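An overview of the molecular structure
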Number of protein chains: 2
Amino acid sequence: MTDAHMLHSAGAAGLAALYRDGTTDPVAVTRLYLDRIAALDGRVRAYTQVLAEPALAAAAASAARWAAGRPLSAMDGVPIAVKANIAIGGAFWHAGIGAYRDRVAVTDADCVARLRAAGAIILGTVNMHEGALGATTDNVWFGRTENPLKAGYTAGGSSGGSAAAVAAGLAAAALGSDTMGSVRIPSAYCGLAGYKPARRAISLEGVIPLSTTLDHVGVHGHSVADCALVATHAGAGPVEPVASLAGLTLAVPDWRARVEAPAPIWAARDNAAAALLDLGMVSSDADMQSYQPGQARRMGLLVSEVEGLNAHAAQLAESEEGFSAGFLSLLRWGGKQPATRVAAAYQGLDEIKLGGLAWLDRVDAVLLPTAPQTAFPFTDPVPANQADFTALADFIGCPAIAVPAGLSPEGLPLSVQVIGRDAAIVLAVAAALE
Amino acid sequence: MTDAHMLHSAGAAGLAALYRDGTTDPVAVTRLYLDRIAALDGRVRAYTQVLAEPALAAAAASAARWAAGRPLSAMDGVPIAVKANIAIGGAFWHAGIGAYRDRVAVTDADCVARLRAAGAIILGTVNMHEGALGATTDNVWFGRTENPLKAGYTAGGSSGGSAAAVAAGLAAAALGSDTMGSVRIPSAYCGLAGYKPARRAISLEGVIPLSTTLDHVGVHGHSVADCALVATHAGAGPVEPVASLAGLTLAVPDWRARVEAPAPIWAARDNAAAALLDLGMVSSDADMQSYQPGQARRMGLLVSEVEGLNAHAAQLAESEEGFSAGFLSLLRWGGKQPATRVAAAYQGLDEIKLGGLAWLDRVDAVLLPTAPQTAFPFTDPVPANQADFTALADFIGCPAIAVPAGLSPEGLPLSVQVIGRDAAIVLAVAAALE
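Since the structure is predicted, the reported quantities are computational estimates derived from the model, not experimental observations. (Residues numbered from 1 in each chain as written. Chains lettered and ligands numbered in written order. Predicted model: local features only at pLDDT ≥ 70, side-chain atom pairs only at ≥ 80, totals over all residues. Heavy atoms only, no water.)

Regarding its fold elements, chain A presents 14 helices and 15 strands. For a compact globule of 434 residues, the expected C-alpha radius of gyration is about 22 Å, and chain A comes in at 20 Å, within 12% of that figure. When burial is assessed residue by residue, chain A has 61% of its 434 residues classed as buried. Total accessible area computed for chain A in this model is approximately 15000 Å², and 55% of it derives from carbon and sulfur atoms. Side-chain charges of chain A comprise 29 positive and 39 negative groups, with the mean position of each set lying 2 Å from the other. (Helix = DSSP H or I, 4+ residues; strand = E, 2+ residues; numbered from the N terminus. Rg over C-alpha atoms; globule rule 2.2 N^0.38 Å. Buried < 20%, exposed > 50% of the residue type's maximum accessible area, 1.4 Å probe, protein only. Areas by Shrake-Rupley, 256 points an atom, 1.4 Å probe, with all protein chains shown as cover. Lys, Arg positive; Asp, Glu negative; His and termini not counted. Charge placed at Lys NZ, Arg CZ, Asp CG, Glu CD.)

This paragraph deals with helix H7 (residues 224-236) of chain A. All names here are of chain A. Under the 1.5 Å per step criterion, the end-to-end length of H7 is only 14 Å for 13 residues, more than 12% shorter than the ideal 18 Å. Along H7, the positions that sit buried rather than exposed are Val-224, Asp-226, Cys-227, Ala-228, Leu-229, Val-230, Ala-231 and Ala-234. Directly beyond the C-terminal end of H7, a positive phi value near 80 degrees is found at Gly-237. (Expected span 1.5 Å × (residues − 1).)

Counting from both sides, the interface comprises 21 residues of chain B and, opposite them, 21 residues of chain A. A buried area of about 1700 Å², summed over both sides, lies between chain B and chain A, and 55% of it is on carbon and sulfur atoms. Connecting chain B to chain A are four salt bridges. Among the ionic pairs, Arg-199 of chain A bridges to Asp-350 of chain B, the shortest N-O distance being 2.5 Å. There are twelve residue pairs in polar contact (both at pLDDT 80 or more) connecting chain B and chain A. When contributions to the side of chain B that touches chain A are tallied by element, the ones reaching two or more residues are helix H9 (293-311), helix H11 (325-336) and helix H12 (339-361) of chain B. In terms of residues, the side of chain B that touches chain A owes the most to one element, H12 of chain B, which gives ten residues. Here the side of chain B that touches chain A is composed, by residue class, of eight nonpolar, eight polar and five charged. (Contact = heavy atoms within 4.5 Å. Buried area = accessible area lost by both parts, 1.4 Å probe. Salt bridge = Lys/Arg side-chain N within 4 Å of Asp/Glu carboxyl O. Polar contact = N/O pair within 3.5 Å; in protein donor to acceptor, adjacent residues only side chain to side chain. Nonpolar A, V, L, I, M, F, W, Y, C, P; charged D, E, K, R; others polar.)

A separate point is the sheet that holds strand E13 (residues 413-419) of chain B. Residues and elements named next belong to chain B. Pairing is mixed across the open sheet formed by eleven strands, whose spatial order is E1-E3-E2-E6-E8-E7-E12-E13-E11-E9-E10. Edge positions in the open sheet fall to strand E1 (47-50) and strand E10 (282-284), since each of these has one partner strand only. The average angle at which neighbouring strand axes cross in this sheet is 30 degrees, direction not considered. As judged from the three bridges shared by strand E2 (residues 79-83) and strand E6 (residues 173-178), these two strands associate in the parallel manner. Following the sheet pairing, Ile-80 is matched in E6 by Ala-173. Running at roughly 160 degrees to E6, helix H5 (residues 160-167) makes contact with E1, E2, strand E3 (121-126), E6 and strand E8 (216-221) of the sheet. (Pairing = 2+ DSSP bridges. Axes fitted to C-alpha atoms, helices over the stretch in contact; angles between N-to-C directions.)

Superposition of chain B onto chain A requires a rotation of 180 degrees combined with a translation of 0.0 Å along the rotation axis, giving an RMSD of 0.0 Å. As the rotation angle and translation indicate, the two copies are arranged about a two-fold axis. Residue Ala-339 of chain B of chain B places its C-alpha closer to the rotation axis than any other residue of that unit, at 2.5 Å. Interface overlap between copies: 100% of the residues of chain B at the interface are likewise at the interface in chain A, consistent with a symmetric, same-surface contact. (Least-squares fit on C-alpha atoms with pLDDT ≥ 70 in both.)

With that settled, consider unusual backbone geometry. Residues and elements named next belong to chain A. With an omega of 5 degrees, the peptide bond running from Gly-157 to Ser-158 counts as cis. Tracing the backbone through its elements, the reader meets Ser-158 in the loop between strand E7 (150-154) and helix H5 (160-167). Phi is positive for Arg-200, close to 65 degrees, though the residue is something other than glycine. Its location among the elements puts Arg-200 in the loop between strand E9 (193-196) and strand E10 (216-221).

Core analysis: the biggest nonpolar cluster contains 105 residues, and Tyr-47 and Leu-175 of chain A have the highest contact counts within it. Grouped together as the second largest cluster of nonpolar side chains are 104 residues, Met-6, Ala-46, Trp-93 and Ala-118 of chain B included. (Core = buried A, V, L, I, M, F, W, Y, C linked by side-chain atoms within 4.5 Å.)

Before going further, it helps to spend a moment on the packing of aromatic side chains. Enumeration over the complete set of coordinates arrives at 17 aromatic pairs over all chains. Look at Tyr-189 of chain B and Phe-376 of chain B: their rings are 6.0 Å apart centre to centre, the planes differ by 75 degrees, and that puts the pair in the edge-to-face class. Here Tyr-189 of chain B, found in helix H6 (residues 184-189), pairs with Phe-376 of chain B, found in the loop between strand E11 (365-369) and helix H13 (391-396); they are 187 residues apart in sequence, far enough to count as distant. One aromatic cluster is present, formed by Trp-255, Trp-266, Tyr-291, Trp-359 and Phe-389 of chain A through successive ring pairs. Between Arg-103 of chain B and the ring centre of Trp-93 of chain B, over which it is positioned, the NZ or CZ distance is 4.9 Å. (Phe/Tyr/Trp six-rings, centres within 6.5 Å; stacked < 30°, edge-to-face > 60°. Lys NZ or Arg CZ within 6 Å of the ring centre and 35° of its normal.)

Attention now moves to the layout of surface pockets. A water-sized probe rolled over the atoms picks out the places where empty space is left. Of the voids in this model, the largest pocket is the one considered here, and its volume is about 1300 Å³. In this structure, the largest pocket is lined by 39 residues; those nearest its centre are Lys-353 and Leu-357 of chain A together with Arg-199, Lys-353 and Leu-357 of chain B. No other element matches helix H12 (residues 339-361) of chain A, which puts eight residues into the lining of the largest pocket. Its residues assigned to classes, the lining of the largest pocket comprises 22 nonpolar, four polar and 13 charged. (1 Å grid on protein atoms, 1.4 Å probe; cavity = no way out; pocket = protein on both sides within 12 Å on 5 of 7 lines; lining within 4 Å. Points joined across faces, edges and corners; volume = space filled by probe spheres on them.)

What follows concerns helix H8 (residues 263-278) of chain B. All names here are of chain B. When the terminal C-alpha atoms of H8 are compared, their 22 Å separation across 16 residues agrees well with the 22 Å that a helix rising 1.5 Å per residue should span. Those residues of H8 that fall on the buried side of the exposure criterion are Ile-265, Trp-266, Ala-268, Arg-269, Ala-272, Ala-273 and Leu-276. The buried side chains of H8 occupy one side of the element, clustering within an arc of 155 degrees when seen end-on. Across H8 from its buried face, at more than 90 degrees, point the exposed residues Ala-263, Asn-271 and Asp-278. In this structure, the buried side of H8 is in contact with strand E9 (249-251), E11, strand E12 (400-407), E13 and helix H14 (423-433). Within two residues after H8, Gly-280 carries a phi angle of roughly 105 degrees, on the positive side. (Arc of directions from axis to C-beta.)

Here the focus is the sheet that holds strand E15 (residues 413-419) of chain A. All names here are of chain A. Overall, mixed pairing links the eleven strands, which are arranged E1-E3-E2-E8-E10-E9-E14-E15-E13-E11-E12 in an open sheet. Two strands lie at the open edges of the sheet, namely strand E1 (47-50) and strand E12 (282-284), each paired on one side alone. Going from strand to strand, the sheet's axes swing by 30 degrees on average, the running direction of each strand aside. Of the strand pairs in this sheet, E9 and E10 are connected by three bridges, and their pairing is antiparallel. Each bridged residue has a counterpart across the sheet, and for Ala-193 the counterpart in E10 is Gly-221. Where helix H3 (residues 52-67) meets the sheet, its contacts fall on E1 and strand E3 (121-126), and the angle it forms with E3 comes to roughly 155 degrees.

Turning our attention to the pattern of salt bridges. All names here are of chain A. Tallied over the full model, the rule gives 32 salt bridges over all chains. Here Asp-394 makes a salt bridge to Arg-184, at a shortest N to O gap of 2.7 Å. Placement of Asp-394 in helix H13 (residues 391-396) and of Arg-184 in helix H6 (residues 184-189) is noted, with a sequence separation of 210 residues between them. Considered together, Asp-394 and Arg-184 belong to a single accessibility category, that of buried residues. One connected set of salt bridges, linked through shared partners, spans Asp-254, Arg-256, Arg-269 and Asp-270.

All right, on to the environment of Asp-380 of chain B then. Position of Asp-380 of chain B relative to the elements: it lies in the loop between E11 and H13. Asp-380 of chain B sits 226 residues away from Thr-154 of chain B along the chain, and the two C-alpha atoms are 9.9 Å apart.

This paragraph deals with the side chain of Asp-178 of chain A. All names here are of chain A. Following the sequence through the fold, Asp-178 ends up in strand E8 (residues 173-178). Looking at Asp-178, its side chain comes within polar contact range of the side chain of Arg-184, at 2.9 Å. Every residue in contact with Asp-178, bar those within four places of it in the chain, is listed here: Val-183, Arg-184, Lys-196, Leu-214, Asp-215, His-216 and Asp-394.

Next up on the list: the side chain of Thr-179 of chain A. Residue and element names in this part refer to chain A. Along the chain, Thr-179 falls in the loop between E8 and H6. Judged by relative accessible area, which is 4%, Thr-179 ranks as buried. At 2.6 Å, the side chain of Thr-179 forms a polar contact with the side chain of Asp-215.

Turning next to the packing of helix H9 (residues 293-311) of chain A against H12 of chain B. Two elements in contact, H9 of chain A and H12 of chain B, have axes whose closest approach is 9 Å; the angle formed by their N-to-C orientations is 90 degrees. Judged by the inter-axis angle, H9 of chain A sits roughly perpendicular to H12 of chain B. Residues Val-306, Glu-307, Leu-309 and Asn-310 of chain A of H9 of chain A form the contact with H12 of chain B, whose participating residues are Ala-339, Thr-340, Ala-343, Ala-344 and Gln-347 of chain B. (Parallel < 35°, antiparallel > 145°, perpendicular 65-115°, else oblique.)

Have a look at this one:
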């Protein structure tokens, strides 16, 4: 019997074994996901378009390959969801922006084409914060995606639909995009792993940009292994497993004075650090003293806003219809800034990148909280500092992954984030925390 | 006898052998350079400040070290000139800008301090194009530096004083800076080697910026070995020698449709390529198809202008006095551009960097002309495309070196440029062309 519990236990990375030994097959699994979407997504509102028929056709082809003992890869028959800024040929491709709601992608994004060639089943597109510029996925055009773990709470953003779909068991994994934390923050709020490989390790071809200089494609999954599997086949390529963490250095920087976060956030990080040191990692006091998260965030936001305005300039020249007032005001604000301030933001981010790379040359991995808070109710004000732990890895362009780290006193997921230069080490450290 | 001919034959890299065997000593050599400056610089106008007494004191100390058999390095006792945007403690530090003409640097720039610690003799500061934004070194505040090879002709720029000083035998080598070609272009016009190591391989600390995202410190010398010696001790560190060029790949891209240059410019490049293939290098047709030098130049100039305005904002807030109308108009033009255009320039340069790195991953070295023309008279209009071959390596941030490649029909130096990811290979290929 193919049930949700089996799928949750297997994860994306475990499906291949079930297909190989005939426990289940891609058609049964795809049907189950489609049934769950039909039953549950009215409440979660993760999907903006479900591609049931093409998914079932792809599943049948995958099932035939498995039956013949010739799967295309370990991804063959794994059903995934795709953020609405990433093109699926023949599907709506709108980045959560009303103006593009009727636009249909002609061809797959590079990462989708690669996953499809590896046998992945594309279940459909999922909701996102409008234009990827924000972290609540409370979208005026496509609805408010709920956190599957707590009604009335945000799933985070901008890849909120991706995280909610996976957390609710409506996809085995999902593609997202991360400009200052948009994969890792919703993964943290929904109790998932969220992985952003190095910059351009997964191509941006076929991804509606927010910021071409900061955007990264990433993956949401139930485990590090699930994320790594999807990232590998989306274009990042395989990483060599790390035999042991013993002797690798770990920085656990004390940023309490730089980012305001409640005690359980820091405790989760400190507990995770202790666990890694128990595994033989060596504590390093290397820090990036010059990094001021709040100042850096403002520079990253300005760059995102002005580049976002460039991304949508052609559409906006025709009409402002289909852009929410809030989204438009951010883009327009960026566009009104003086040249010198814009340049200063690029100059500042460039120095951050150089400083960050120098830091990561001195230490194998850095452990930080993923977000300064847990998921919050839609009725609460949106915290300004949501991306203050995550944006650095986008500025540097290095691999970063968020993994669950227990529950807050209110029962909401806590999360820690591993950053480093070497994807293999980052993934291995994160896996050790599971 | 210590004469100019001996020094020219030895080059910066050959002085150590002469000091070691007692043929000459740092005091005699420094005196000779000071005498030549006194005799010839009235015509060349390379120097803006000669530090005769400190240089002689440093030379005496160096001579004592050599006599005791304890030189600090192979740079000990090598007299060099320093571009006027690079700080020499106690000397005027003005970047060729009138507003700063009375400013005295408190401490050495990082690169100068390193060279001094290696025993180098600092002869003085040399002229430059105002603010490093231009390539003629026809400076309204500090005079017009002449090309030592032909009166009335530019030495190029912005490091025109650096190149002229070395070409006229007024220093063994010189530090310059290169934002879109400012080391390599004047080296080409003056018949020298000009080397720009990888971005930040030599620190920018103590260098008055034009563009923090594009500026590179570089070296002018009579030979590749001279440049490598100075770069090594200025902070770039040593490179492993390359045993043989055989089997290394060389791209010789046909950019005739992209950059307008007279036939002898291309012939010099093609002849140099043939020589390298004769040495066993393997021709590669790898090209960077997407690179449009003219468009890229405009983006690089805009970034330089806006960042230059940021660099001088504090001074300009007080007074515009001491900034020439031409320089100011470039900075102000940059500052008036809309945010979106500025961002688009950064976005474009970022894609160029990514594309360039991908290109250089496919080929060991690229051979291009250094400049689309030879030195030209001050009375000629300034060609717009002077940096169209050089700017790419600044955008990429990779090592690049210009080396002489014969004479034009008019008897002026031709030059070719080697670009690549690996400094050792770039230097070895350039050395093979000497």
